Amino acid sequence: MPEDSVYIARSSAIAARALAGEMMVMNAADSTFFTMNEVATVIFQAADGRTPLREIVRDRVCEQFDVNPEQAQADAEQFVNELSSHGILLVSNRPLAAEASR
Amino acid sequence: MTLMSEMGQKAFNLGVPIAVHMDVTYRCNERCVHCYLDHDDHGELTTAEIKDVLDQLAEAGVFFLTFSGGEVFMRRDFFEILEHARRLMFNVKIKTNAVMIHEAEARRIRELDVDTIQISVYSHRPEVHDAITKLPHSLERTIKSIRFLRQQGLRVTIANVMMTVNSADHLGVKKLATELGAHYTLDPTITPMMDGDTSVLSLRIPGEELPEIFHNPDLVGSQEEFCAPPKPPSKEDLEGYSCSAGHSYCYISPYGDVFPCVQFPLPTGNIRQQKFLDIWNFSPQMKEVRSIQAKDLTVCSSCSHVSSCSRCPGLAYMEGSMRGPSTADCEKSFYRTGVPTANMLRQGLSKPRTTAPLIQIRPVAVPA
């Protein structure tokens, strides 16, 4: 999948809330519970299904944190793959409805 | 410490209300003999008001949201409320008698990704369960609903309130829970009625019957651990707090009253008059509840059980003082370990009274 066309959306099956900058996420299907650090939280909050991942990394992550853009992109892709495997994020090469699939 | 309890501790330390119990109605289709509620509608929050409260709770950082009652499905707008709550990404638990849940309702609950449905079952025998709920065929209907929920793959917890009239049935209910694929919890707590009537306390199982429960590994896990004699309290224990009430948890009534806990009828404000966060952050009553450390407790600070007792500040408040002992918990500590509590010793008792002398304090209105 070409990087530029990766779109991410939060699944509607999850519960999520930020606590002191850290995002708590629970998947209702299996009660798995995650917390995200500040950088991951920024990506998660920006996962509206319409903004490409590359744009989120460029405009949100690299703007707010002192990170190397290539490294940030690679880390973001790894993060997205992991959350996608747990059903927390939905990934597509086309825009998605935010908090999809209810 | 699990990740979830770590986050719970973080919320506690920061004073974030991570969990809220919200009763959306006190109306009910059952008339349980031990229920502490007045089931008439005295002006419930409207759909719009509840949605506004939910918006405020999300903003305040609430993650775990429990909807209860009364019976939640007595509100025709309950699914609208539930949909709004899930849109705001709360982790939602529903407490219900399930009688009004059919196949379509079970499907909708699953579609909305509700975390858990907790259902009250008092006995595996219809004649006992239905006599407690005073609703004919209620056990049959509740079990049918649990099957619908389980068919949808939903997590169901059967909550078994234990009292004099069903104390022999807990193993039968546990077996029923296993057959239905549900979790099982047992609770021997009976709470005085909201109007101050303490007659329901006669349904509390006698203390003498508690050891049988507390020494049953199927119910309490490791008996050695659960029934261990209390350890001398450390400095940290004495600087600790009773529970999360008012620290990271609170209760909201169907009329918008905010309390530290569902079992702690100290009014702290009303969300029809104030924003939730103003009540949470600035209510003098919330601040007082939050300030009480174990070392401040009038009797319990000198009790050997202080670090391990399940002392409920709400029940203590209903007995007369939120800093005082909760007799029901003193009983539990004694019958769990065999070691008398400071509350018993000061009364010259070698074992708890057979009936607890409860002095009921009625909630008073908070000045606007």
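All of these numbers come straight from a predicted model, not from anything done at the bench. (Residues numbered from 1 in each chain as written. Chains lettered and ligands numbered in written order. Predicted model: local features only at pLDDT ≥ 70, side-chain atom pairs only at ≥ 80, totals over all residues.)

(A) Structural view of the overall build of chain B. Across its full length, chain B holds 16 helices and 9 strands. The C-alpha radius of gyration of chain B comes to 20 Å, within 12% of the 21 Å expected for a compact globule of 368 residues. C-alpha extents for chain B along the principal axes are approximately 55 × 50 × 40 Å. Each of the 368 residues in chain B was classed as buried or not, and the buried ones make up 43%. Summarising the internal contacts of chain B: among those between residues at least 6 apart in sequence, 69% fall at separations of at least 24. (Helix = DSSP H or I, 4+ residues; strand = E, 2+ residues; numbered from the N terminus. Rg over C-alpha atoms; globule rule 2.2 N^0.38 Å. Buried ≥ 20, exposed ≤ 12 C-beta atoms within 10 Å, placed from the backbone. Contact = placed C-beta atoms within 7 Å.)

(B) Focus on the overall build of chain A. Looking only at helices and strands, chain A features 3 helices and 6 strands. Helices and strands in chain A line up, N terminus first, as β-β-β-β-α-β-α-α-β. The globule rule puts the C-alpha radius of gyration for 102 residues at 13 Å, and the 13 Å found for chain A is close to it. Expressed along its principal axes, the backbone C-alpha trace of chain A runs to roughly 35 × 30 × 20 Å. Taking all 102 residues of chain A together, 32% fall into the buried category. For chain A, restricting intrachain contacts to residue pairs at least 6 apart in sequence, the fraction spanning at least 24 positions comes to 55%.

(C) Representation of the interface of chain A and chain B within the structure. Contacts between the two partners involve 14 residues from chain A and, on the opposite side, 16 residues from chain B. For the side of chain A that touches chain B, the secondary structure elements donating two or more residues are strand S2 (14-19), strand S3 (22-27) and strand S4 (32-36) of chain A. A per-element tally of the side of chain A that touches chain B places S2 of chain A first, with 5 residues. Its residues assigned to classes, the side of chain A that touches chain B shows 10 nonpolar, 2 polar and 2 charged. (Nonpolar A, V, L, I, M, F, W, Y, C, P; charged D, E, K, R; others polar.)

(D) Examining the pairing of S4 of chain A more closely. One ladder, built from 5 bridges, connects S3 of chain A with S4 of chain A; its direction is antiparallel. Its bridge partner lying in S4 of chain A, Met 26 of chain A is registered against Phe 33 of chain A. (Pairing = 2+ DSSP bridges.)

(E) Region of interest: the confidence of the model for chain B. Residues and elements named next belong to chain B. Mean pLDDT over chain B works out to 90, with 95% of the residues at or above the 70 mark. Of the regions scoring below 50 in pLDDT, residues 356-368 engages in 27 contacts with residues more than four places distant in sequence or in other chains. Confidence estimates for the predicted assembly give a pTM of 0.90 and an ipTM of 0.87. (pLDDT = per-residue confidence, 0-100.)

(F) Geometry of the sheet that holds S3 of chain A. Residue and element names in this part refer to chain A. Strand order in the open sheet made by the 3 strands is S2-S3-S4, with antiparallel pairing throughout. Two strands close off the open sheet at either side, each with one partner strand: S2 and S4. Neighbour-to-neighbour, the strand axes of the sheet open up by a mean angle of 15°, direction not taken into account. For S2 and S3, the ladder comprises 6 bridges, and the chain directions are antiparallel. Note on S3: the bridge partner recorded for Ile 14 is Asn 27. (Axes fitted to C-alpha atoms, helices over the stretch in contact; angles between N-to-C directions.)

(G) Structural view of unusual backbone geometry. Looking along the chain, the bond that leaves Gly 69 of chain B and enters Gly 70 of chain B is cis, with omega of 25°. Looking at where Gly 70 of chain B falls in the secondary structure, it is placed in the loop between strand S2 (64-68) and helix H3 (78-87). Despite not being glycine, Ser 31 of chain A shows a phi value in the positive range, around 60°. Locating Ser 31 of chain A in the fold gives a position in the loop between S3 and S4. Given 12 C-beta atoms within 10 Å, Ser 31 of chain A falls into the exposed group. The backbone phi angle of His 137 of chain B is positive, close to 65°, even though this residue is not glycine. Mapping His 137 of chain B onto the fold places it in the loop between helix H5 (126-133) and helix H6 (138-151).

(H) Region of interest: the confidence of the model for chain A. Confidence in the prediction of chain A, expressed as mean pLDDT, is 89, and 91% of residues score 70 or more. Of all secondary-structure elements in chain A, the lowest mean pLDDT belongs to S4 of chain A, at 91, while S2 of chain A reaches the highest, 96.

(I) Highlighting the packing of helix H2 (residues 47-60) of chain B against H3 of chain B. All names here are of chain B. For the pair H2 and H3, interaxial distance at closest approach is 10 Å and the crossing angle is 20°. Taken as axis vectors, H2 and H3 run roughly parallel relative to one another. Once H2 is placed against H3, the crossing between them reads as right-handed. Residues Thr 47, Ile 50, Lys 51 and Leu 54 of H2 touch H3, and the partners they reach there are Glu 80, Ile 81, His 84 and Ala 85. Within the contact of H2 with H3, the residues separate by chemical class into 4 nonpolar, 2 polar and 2 charged. (Parallel < 35°, antiparallel > 145°, perpendicular 65-115°, else oblique. Left-handed = near helix turned anticlockwise from the far one by under 90°.)

(J) Fine view of helix H3 (residues 69-85) of chain A. All names here are of chain A. Here H3 contains 17 residues, and its C-alpha end-to-end distance of 24 Å stays within 8% of the 24 Å for a straight helix at 1.5 Å per residue. In the core, the buried residues of H3 are packed alongside strand S1 (7-10), helix H1 (38-45), helix H2 (53-64) and strand S6 (89-92). Note on H3: the residue one or two positions beyond its end, Gly 87, has a positive phi of about 75°. (Expected span 1.5 Å × (residues − 1).)

(K) How the structure looks around the packing of H5 of chain B against H6 of chain B. Residue and element names in this part refer to chain B. Running from amino to carboxyl end, H5 crosses H6 at an angle of 100°, the nearest separation of the two axes being 8 Å. The angle between H5 and H6 falls in the class roughly perpendicular. Note on element contacts: H6 touches H5 through Ser 138, Leu 139 and Glu 140, opposite Pro 126, His 129, Asp 130 and Thr 133. The class makeup of the residues in the contact of H5 with H6 is 2 nonpolar, 3 polar and 2 charged.

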